[in-house]
Amino acid sequence: MVGFTTSTCLVLSLAALSGTRTTAFQPVARPPASSCHSGTPSVSGPCSTNTRRHPRGWVMAAAATTADAHSTSRTSSPSAAASASSLPTFDLNKYLLDKKDAVESALDASLQVTSPQVAKITESMRYSLLAGGKRIRPIMCIAACEMAGGTAEDAMAAAVALEMIHTMSLIHDDLPSMDNDSLRRGKPTNHVIYGEDVAILAGDALLSTAFEHVAKHTPSHVPAERVVSVIARLAASVGATGLAGGQVMDLECEGKKGVGLEELTWIHTHKTAALLKVSVAAGAILGGASAEEVEACETYALDIGLAFQVADDILDVTASTEALGKTAGKDLNMDKTTYPKLLGLEGSREEARRLVGEAKAALGRFGGRAAPLLAIADYIVERKN
Ligand SMILES: *[C@@H]1O[C@H](CO)[C@@H](O)[C@H](O)[C@H]1NC(C)=O
């Protein structure tokens, strides 16, 4: 892994930002944008599955962190390049590296030990929050904000919050009472280092700090009603119609026979795709997107979320433990229902391609400004380990 070049400028500007959001949330007449509270689609599928909890950690190829990535100009796919031949080539590797640098700096600045009393919990939170990863949710949030007409700064607090929430979910997923994993991204998991009790509390604290962070650190020029809408959506994405609900359905289905595609998809729509959905929707809202535009972003994200899960299932079958940074083949060992089990490897690859095509079509209305999200969509199914 390439070390992160800490952008001092960004750290400083974020430090300067802290406390600038002094505008209290005044009661505001509901703007058109808040009609985009569409929430998670309430698909109520029967629960007759045999699926198991699955870590939501994205296991992408390390392309974005290879040393030569800066000099590699990579188009997202031949077909994308052909259909966009009149547009400048989009350099996804450079984009991901640049955005990731900014996100890493913001993450580092977001959690500091402020007194000896909070040293232990803060260290535990920082250990997992700064443990690397592709930061794909924050990057997609920023990309959506810029696509909708906003700036990276407008979305950065939400981007940090998304990674805090994601990190919470990983810490809790790894706990002995859950997946009981001792390895995450090639490093010991949080409870292995800090103990189960502290790991649970670090997850709790990361979750609540996420909301605090959005409320305090979104630039004050962003209308407060957009911020409230983002906080509400973030909260919903973790609740009964999001991560937690998906996880519980997964638990209930554990050990049951005859899992079908519909059930598997329901679970992953809530466990995996809900956080991606809010990532893109939050960015779009902060950037000033209309309700229809936010909806298009959500369609994109749900498809990408499922495509990611299919790709993750494929990788789990095909990649080695070393390349993954987690225990490979665990899903098979645990007799878990996966897309490859239901569709076969080739069928799964085909399904991933179909989902990505649908996702990209949803962003048609944004034209060339969708280039980063379109390229990320391709990247998700093309990643290889
Ligand atoms: C977790 O895994 C370890 C081995 O890695 C095992 O000793 C322990 O009993 C497991 N805990 C639970 C709750 O399953």
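This one's a predicted model, so the numbers in the text were calculated from it and none came from an experiment.

*Asks:* Please clarify how the overall build of the chain should be interpreted in this entry.
*Replies:* What the chain contains, in helices and strands, is 16 helices and two strands. Per-residue burial over the chain gives 50% buried out of 385 residues. Residue pairs at least 24 apart in sequence account for 78% of intrachain contacts in the chain once pairs closer than 6 positions are excluded.

*Asks:* What is the right way to read helix H10 (residues 243-253) from this model?
*Replies:* Taken together, the buried positions of H10 are occupied by Leu243, Gly246, Gln247, Asp250 and Cys253. Along the axis of H10, the buried positions cluster into a sector of 125 degrees, meaning they face one direction only. Buried residues in H10 make contact with helix H6 (152-174), helix H9 (224-238) and helix H11 (261-286). Looking at the residues trailing H10, positive phi occurs at glycine 255, about 85 degrees.

*Asks:* When you look at the nonpolar core in this model, what are you seeing that I'm missing?
*Replies:* As a rule of thumb, nonpolar side chains are buried together in soluble globular proteins. Among the nonpolar cores identified, the biggest contains 94 residues, and Cys141, Ala144, Ala158, Ala307 and Leu373 are the most heavily contacted of them. Counting five residues, the second largest nonpolar core, distinct from the first, contains Cys253, Val259, Leu264 and Ile267.

*Asks:* Would you mind going over helix H4 (residues 119-129) with me for this structure?
*Replies:* The periodicity of an α-helix, 3.6 residues per turn, causes residues three or four places apart in sequence to face the same way. For H4, every residue scored as buried is listed here: Ser124, Met125, Ser128 and Leu129. Looking straight down H4, one finds its buried side chains confined to an arc of 125 degrees; they lie on one side. Looking at the buried side of H4, the elements it contacts are helix H3 (92-110), H6, helix H7 (190-194) and helix H8 (196-217).

*Asks:* For this particular structure, what's the right way to read unusual backbone geometry?
*Replies:* The general pattern is negative phi for most residues beyond glycine and trans for most peptide bonds. Phi is positive for arginine 135, which is not a glycine, with a value near 55 degrees. Within the secondary structure layout, arginine 135 lies in the loop between H4 and helix H5 (136-147). C-beta crowding within 10 Å serves as the criterion here: with 26 such atoms nearby, arginine 135 is assigned to the buried category. Even without a glycine there, the phi angle at asparagine 180 is positive, about 50 degrees. Within the element layout of this structure, asparagine 180 appears in the loop between H6 and strand S1 (183-184). A residue is classified by how many C-beta atoms lie within 10 Å of it, and asparagine 180, with 11 of them, is exposed.

*Asks:* What's the story with the packing of helix H12 (residues 291-318) against helix H15 (residues 339-362) in this structure? I'm lost.
*Replies:* For any two helices packed against each other, one specifies the crossing angle of their axes together with the interaxial distance. Packing of H12 against H15 leaves a shortest axis separation of 8 Å and a crossing angle of 155 degrees. Considered as vectors, H12 and H15 are oriented roughly antiparallel to each other. The two elements H12 and H15 cross, and the hand of that crossing is left-handed. Only Tyr339, Pro340, Leu345, Ser348, Arg349, Glu351, Ala352, Leu355, Val356, Glu358, Ala359 and Ala362 of H15 make contact with H12, whose side of the interface consists of Ala296, Thr299, Tyr300, Asp303, Ile304, Leu306, Ala307, Val310, Ala311, Asp313, Ile314 and Val317. A breakdown of the residues in the contact of H12 with H15 according to their chemical character gives 17 nonpolar, two polar and five charged.

*Asks:* Can you walk me through the environment of aspartate 197 in this structure?
*Replies:* The topology assignment puts aspartate 197 in helix H8. What makes aspartate 197 exposed here is the crowd of 9 C-beta atoms within 10 Å. C-alpha of aspartate 197 to C-alpha of leucine 175: the two residues are 22 residues apart in sequence and 9.8 Å apart in space.

*Asks:* Even after reading the chapter, I still don't get the environment of threonine 209, so can you show me in this structure?
*Replies:* Mapping threonine 209 onto the fold places it in helix H8. Classification of threonine 209 by C-beta neighbours within 10 Å gives buried; the count is 21. Sequence separation of threonine 209 and serine 110 is 99 residues, and the distance between their C-alpha atoms is 9.3 Å.

*Asks:* For this particular structure, what's the right way to read the packing of H11 against H12?
*Replies:* Close contact between H11 and H12 brings their axes to 7 Å; oriented N to C, the two are set at 140 degrees. In terms of orientation, H11 and H12 fall into the oblique class. Crossing angle aside, the handedness with which H11 passes H12 is right-handed. Only Glu293, Val294, Cys297, Glu298, Tyr300, Ala301, Leu302, Ile304, Gly305, Leu306, Phe308 and Gln309 of H12 make contact with H11, whose side of the interface consists of Thr265, His268, Thr269, Thr272, Ala273, Leu276, Lys277, Ser279, Val280, Ala281, Ala284 and Ile285.

*Asks:* Help me understand the environment of lysine 257 in this model?
*Replies:* Within the secondary structure layout, lysine 257 lies in the loop between H10 and H11. By the C-beta count within 10 Å, which is 8 here, lysine 257 ends up exposed. As for lysine 257 and threonine 337, which are separated by 80 residues in sequence, their C-alpha atoms are 9.5 Å apart.

Rules behind the numbers
Each residue is numbered by its place in its chain's sequence as written, counting from 1. It should be noted that, the model being predicted, local features are given only for residues of pLDDT at least 70 and side-chain atom pairs only at 80 or more, the latter also being counted only at that level, while totals for whole chains, interfaces and linings use all residues. Strands here are runs of E lasting at least two residues and helices are runs of H or I lasting at least four, both read from the DSSP assignment and numbered beginning at the N terminus. The exposure label follows from counting other C-beta atoms within 10 Å of a residue's C-beta, where the C-beta atoms are placed from the backbone and the thresholds are 20 or more for buried and 12 or fewer for exposed, leaving partly exposed in between. For the purpose of contact definition, each residue receives a C-beta atom placed from its backbone, and two residues are in contact when these atoms lie within 7 Å. Picture the helix axis, draw a direction to every C-beta atom, and the arc is the one those directions span. The nonpolar core criterion groups buried Ala, Val, Leu, Ile, Met, Phe, Trp, Tyr and Cys residues into a set whenever they are joined through C-beta atoms within 7 Å. Lines fitted to C-alpha atoms define the axes, with helix axes restricted to the stretch in contact, and inter-axis angles between N-to-C directions lie between 0 and 180 degrees. Geometric relationships in this document are graded by angle, where less than 35 degrees denotes roughly parallel, more than 145 denotes roughly antiparallel, 65 to 115 denotes roughly perpendicular, and other angles denote oblique. Handedness of a crossing follows from how the near helix is turned relative to the far one, being left-handed for an anticlockwise turn of less than a right angle and right-handed for a clockwise one. The nonpolar class holds Ala, Val, Leu, Ile, Met, Phe, Trp, Tyr, Cys and Pro. Asp, Glu, Lys and Arg form the charged class, and all remaining residues, Gly among them, are polar.

Any functional reading would require information beyond the geometric quantities listed.
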